[in-house]
Amino acid sequence: MGKYSKKYVGEKEEEIVNPETGEVEKRKVRVWSYQEPVDTNFVKFFDSFVMELLQDEDIIGKAIRLLFYIASILDYDEEIFYLSPRETAKELEVGEATIYRWLKTLLDKGLIIKTNRRNWYMVNRKCIYRGSVVRADIEELEKGVRNNGRKKMGTNT
């Protein structure tokens, strides 16, 4: 059967002949469907930001190349990535100065976020994500629950 997945579809009733008695009997049978695996190697760009992205002249035709490159190097269920400007410039066949300019644009627009480590960045998962969105939503919910239980600095609540 290979890498097909088995999916439960439902139950149906069928008639069979009992070999011992010769009587026609009804019995319930579970129905399964075999489906080809779904390609999980894709990146999600969220609708709410796609139109903004396509209308932003600082990004379209310019920094969007770097954004798609970043999407292609993201690891599954990871939003943090390493980006070597020199290697990226070679891959995209542009100068390093162009990569730095595009990086600044993506940072200024909030599409990626700089970490405290050199050449390490994080994608804004409200815009782009590679992996299980359900997992990402659960993590956000858990983070919100944890943070709601703490006092905020500078408040008396």
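Everything numeric here is computed off the predicted structure, so don't read it as measured data. (Residues numbered from 1 in each chain as written. Predicted model: local features only at pLDDT ≥ 70, side-chain atom pairs only at ≥ 80, totals over all residues. Heavy atoms only, no water.)

Novice: Describe the overall build of the protein, and please don't skip the residues or the numbers.
Specialist: Regarding its fold elements, the protein presents five helices and seven strands. Ordered by position from N to C terminus, the α and β elements of the protein give β-β-β-α-α-β-α-α-β-β-β-α. Residues counted as buried form 27% of the 157 residues belonging to the protein. Restricting the contact set of the protein to residue pairs at least 6 apart, pairs at least 24 apart contribute 54%. As displayed, the protein has an accessible area near 11,800 Å², and 50% of this comes from carbon and sulfur atoms. (Helix = DSSP H or I, 4+ residues; strand = E, 2+ residues; numbered from the N terminus. Buried < 20%, exposed > 50% of the residue type's maximum accessible area, 1.4 Å probe, protein only. Contact = heavy atoms within 4.5 Å. Areas by Shrake-Rupley, 256 points an atom, 1.4 Å probe, with all protein chains shown as cover.)

Novice: Lay out the environment of Arg 130 with the relevant residues and their values.
Specialist: As for its position among the elements, Arg 130 is in the loop between β7 (128–129) and α5 (133–148). Arg 130 sits in the buried class, given a relative accessible area of 9%. Sequence-wise, Arg 130 and Asp 77 are 53 residues apart; in three dimensions their C-alpha atoms are separated by 5.9 Å.

Novice: If you had to explain the pairing of strand β6 (residues 120–123) to someone new, which residues and values would you point to?
Specialist: Of the two faces of β6, the one lined by Tyr 121 and Val 123 is fully buried and the one lined by Trp 120 and Met 122 carries no buried residue. With three bridges joining them, strand β4 (residues 80–82) and β6 adopt antiparallel strand pairing. Among the inter-strand pairings, Ile 80 is bridged to a residue of β6, identified as Met 122. Both strand β5 (residues 112–114) and β6 contribute to a ladder of three bridges, which runs antiparallel. Among the inter-strand pairings, Ile 112 is bridged to a residue of β6, identified as Val 123. Hairpin connection of β5 to β6: five residues between the antiparallel strands, including Asn 119 at a positive phi of 65°. (Pairing = 2+ DSSP bridges.)

Novice: Just give me the short version of the packing of helix α2 (residues 59–73) against helix α4 (residues 96–108), but keep the residues and values in it.
Specialist: The packing of two helices is summarised by the inter-axis angle and the distance between the axes. For the pair α2 and α4, interaxial distance at closest approach is 9 Å and the crossing angle is 90°. The orientation of α2 relative to α4 falls into the category roughly perpendicular. On α4, the residues that touch Ile 59, Lys 62, Ala 63, Arg 65, Leu 66, Leu 67 and Ile 70 of α2 are Ile 99, Trp 102, Leu 103, Thr 105 and Leu 106. (Axes fitted to C-alpha atoms, helices over the stretch in contact; angles between N-to-C directions. Parallel < 35°, antiparallel > 145°, perpendicular 65-115°, else oblique.)

Novice: Summarise the confidence of the model for the protein; cite the residues concerned and give the values.
Specialist: For any part of a model where pLDDT is low, the fine detail of the predicted coordinates should not be relied upon. Chain-level statistics for the protein give a pLDDT mean of 75 and a share of 68% at 70 or above. For residues 145–157, every residue scores under 50 in pLDDT, and the model assigns this stretch one contact once sequence neighbours within four places are set aside. (pLDDT = per-residue confidence, 0-100.)

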